[in-house]
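Commentary on secondary and tertiary structure
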Amino acid sequence: MTSKKIEKKDLHSIFLRSMHMDASFNYERMQSLAFSYTMAGVLEKLYPDIEDRKKATKRHLEMFNCTSATSPFIAGVITSMEEKKANDPSFDESSINTMKVGLMGPLAGIGDSIFWGSLRVIATGIGVSFAKQGSILGPILFLLIFNIPNFLVRYFGTILGYKAGVSLIGNMASKLMETITYSINILGNVVIGGMVASMVIINIPLKISGGTNAQTVQSLLDSIMPALLPLLLTFFISKILKKGVKVLYILLGIVVISILGAVFGFLAV
Amino acid sequence: MLEIIGLFIITFIANMQDFLGSSFIGRPLVTGMFVGLLFGDVTQGLIMGATLELAFIGLLAVGASIPPDEIIGGILASALSLKHGYGIDIALTLSLPISVFGLLVKNFLYVIVFPAMTHKADRLVDEGKIKQAANMNLIAAMTRITLLTLVTVIAYIVGNNTIDFILNYIPKALINGLTIATNILPAVGFAMLVNMIFSKKVAPFFFLGFVCVAYLKLDMIGTSIVGLIFAGIMYIIMNEINQNKTSSVSGNGDEYDDF
């Protein structure tokens, strides 16, 4: 069997394709379309067999959510794992998505605070102070201060991510790999648990009794357990998905209930 | 006519920012300069852009929340101001309805159209049309760019009163309903992830992450650090167990020497 090798130009393809990371954002699976697009070129090379490529593409159509600038690093790590999988069919494929989820949390946290938090504020501060005096340096400096680090992190993130991935899975006995996969799975589950609590929001503003400062259903639920409904809903959807209910129906159901909730006031933003 | 074509080009390129490495080319600070160029007063455009940038700052999308659209709001406000000589306050007030309308269009795309396109991509992969599935990303992106550009340019042509008029006819409940859906919908994506990576063996760690955020109010970095620590602890424990297993098999009970 000939081994399939990732070359520099494949990593460049990851870097270029990941430019679209925020372009097709949606609330169901967030950046999944963009992530699968990022991986598409590499997957085509790694999996000549259509059935293998179908499976790999499906993996990357699952939910993905991370800061745009730090996402190429994840794509780099994932590329090294797909390379491993393509050359070694016994490689545990579930570890690929587990790794993706495990990296998503920390890199989104770091990326948001560095790029959306600090860098944007610095770039805007300097840019605005020049532009206010009518100087063309304003927009130019604004774009340079933000984008030089942005594109450096994107480019070297892709390369470093790939290298880190290769060294992690490369020289490793299979028994150790199992332990590492388990540890990554733990991190992934912590991240998902945290994201369910922070990113799914359900608010029932109905009042329980009369009066101006009456308790609402939501405050009652919060006193039982914060983010209780998001947790229950996530596991409920997980259950009905396993039973074969189509995602599209779930999506429509949520939209309809949300609009009805806004009409009759049993749901609020 | 030239104004409209120019505005179309500026808006189109500005809306491509998320297509080009999330590079902020659509921020009011940048578009103000180009709108100024279009109306023959770059200096005024720059000043306008800077003021609008400050007005929109803090409205930037962090995580999953989407603020009123600063790309089309910024362009429209500076165009109106430069054309009619409005002050910044009036221009900003006039651009608010279109920013809200832009948000409505975005929410419609993010809640209904793009998820449907993702499902379409799922189906295309099943049918073996993998190239087309990958291209759904481009179709989604171009849909958004084109739609938001058209909304801005049309709003500029028909004038602000018309937009206000249309907004009045869109039921408030629909606008709120879509926003509520944006908060609930991520549960679907998470449920799919849960089906893939959640199991009894790791269940406690899922709830650990949940508690970190729900009760301890940690942010994502803090929660991830807690996750890394527990992953490290379990790695050490599992490694230890594995080594004991191998030594008890191959070492002929060496570990009993201590007794």
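Residues numbered from 1 in each chain as written. Chains lettered and ligands numbered in written order. Predicted model: local features only at pLDDT ≥ 70, side-chain atom pairs only at ≥ 80, totals over all residues.

Section: the overall build of chain A
- Counting its regular elements, chain A contains ten helices and zero strands.
- Reading chain A from its N end, one meets helices and strands in the order α-α-α-α-α-α-α-α-α-α.
- Taken over the C-alpha atoms alone, chain A extends approximately 75 × 65 × 30 Å along its principal axes.
- The buried share of chain A, taken over its 269 residues, is 49%. (Helix = DSSP H or I, 4+ residues; strand = E, 2+ residues; numbered from the N terminus. Buried ≥ 20, exposed ≤ 12 C-beta atoms within 10 Å, placed from the backbone.)

Details of the packing of helix 1 (residues 2-15) of chain B against helix 6 (residues 130-158) of chain B
All names here are of chain B.
- Contact geometry of helix 1 with helix 6 gives a least axis separation of 9 Å together with a crossing angle of 145°. Note on packing geometry: the crossing formed by helix 1 with helix 6 is right-handed. Contact residues: I4, L7, F8, T11, F12 and N15 in helix 1; I145, L148, T149, T152, V153, Y156 and I157 in helix 6. (Axes fitted to C-alpha atoms, helices over the stretch in contact; angles between N-to-C directions. Left-handed = near helix turned anticlockwise from the far one by under 90°. Contact = placed C-beta atoms within 7 Å.)

Thoughts on the domain arrangement of chain B
- Assigned domains within chain B: domain 1 (2-186) and domain 2 (198-250).
- Once you take the C-alpha centre of each, domain 1 of chain B and domain 2 of chain B turn out to be 42 Å apart. (Domains from an automatic or database assignment.)

Structural notes on the nonpolar core
- I74, M104 and I192 of chain A together with L76, V188 and F190 of chain B are the most contacted members of the largest nonpolar core, which totals 145 residues.
- Every residue in contact with I192 of chain A, bar those within four places of it in the chain, is listed here: V101 of chain A together with F190, L193, V194, F206 and G209 of chain B. (Core = buried A, V, L, I, M, F, W, Y, C linked by C-beta atoms within 7 Å.)

Let's talk about the interface of chain A and chain B
- Contact with chain A, which involves 103 residues of that partner, is made by 92 residues of chain B.
- Of all the elements in the fold, those that place two or more residues in the side of chain A that touches chain B are helix 2 (32-46), helix 3 (50-59), helix 5 (94-131), helix 6 (137-170), helix 7 (174-199), helix 9 (228-242) and helix 10 (247-264) of chain A.
- Per element, the largest residue contribution to the side of chain A that touches chain B is 20 residues, and it comes from helix 7 of chain A.
- Taken together, the residues of the side of chain A that touches chain B sort by class into 59 nonpolar, 31 polar and 13 charged. (Nonpolar A, V, L, I, M, F, W, Y, C, P; charged D, E, K, R; others polar.)

Examining helix 4 (residues 70-84) of chain B
- The end-to-end C-alpha distance of helix 4 of chain B, which contains 15 residues, comes to 21 Å, matching closely the 21 Å that a straight helix rising 1.5 Å per residue would cover.
- Within two residues after helix 4 of chain B, G85 of chain B carries a phi angle of roughly 70°, on the positive side. (Expected span 1.5 Å × (residues − 1).)

Things to note about the packing of helix 5 (residues 88-126) of chain B against helix 8 (residues 172-184) of chain B
All names here are of chain B.
- Between helix 5 and helix 8, the shortest axis-to-axis distance is 10 Å and the interhelical angle comes to 45°. Classified by the angle their axes make, helix 5 and helix 8 are oblique. Like other packed secondary-structure pairs, helix 5 and helix 8 cross with a definite hand, here left-handed. On the side of helix 5, the interface is formed by L104, N107, F108, Y110 and V111, while helix 8 contributes I175, L178, T179, A181 and T182.
- Residue composition of the contact of helix 5 with helix 8, grouped by class: seven nonpolar, three polar and no charged. (Parallel < 35°, antiparallel > 145°, perpendicular 65-115°, else oblique.)

With respect to helix 6 of chain B
Residues and elements named next belong to chain B.
- For helix 6, spanning 29 residues, the distance from its first C-alpha to its last is 42 Å, which sits close to the expected 42 Å at 1.5 Å a residue.
- A bend of about 30° at M136 is the largest found in helix 6.
- Taken from the residues just after helix 6, G159 is the one with a positive phi, measuring 90°. (Bend = angle between axes of the 7 residues up to and from the residue.)

A short note on the environment of Q31 of chain A
All names here are of chain A.
- Structurally, Q31 is set in the loop between helix 1 (8-17) and helix 2.
- Residue class for Q31 comes out buried when judged on the 25 C-beta atoms lying within 10 Å of it.
- The spatial distance from the C-alpha of Q31 to the C-alpha of S68 is 9.3 Å, given a sequence separation of 37 residues.
- Beyond its immediate sequence surroundings of up to four residues, Q31 is in contact with M21, D22, F25, F64 and N65.

Remarks on the confidence of the model for chain B
All names here are of chain B.
- Taken over all residues, the pLDDT of chain B has a mean of 87, while the share at 70 or more is 91%.
- Here helix 7 (residues 160-169) stands out as the least confident element of chain B, with mean pLDDT 78; helix 10 (residues 203-214) is the most confident, with 96.
- Segment residues 251-259 is flagged for pLDDT under 50; beyond a separation of four residues in sequence, or across chains, it makes three contacts in the model.
- Here the predicted complex carries an ipTM of 0.89, next to a pTM of 0.89. (pLDDT = per-residue confidence, 0-100.)

A word on the domain arrangement of chain A
- Here chain A is described as being made up of domain 1 (8-196) and domain 2 (202-264).
- Put simply, the middle of domain 1 of chain A and the middle of domain 2 of chain A, counted by C-alpha atoms, are 32 Å apart.

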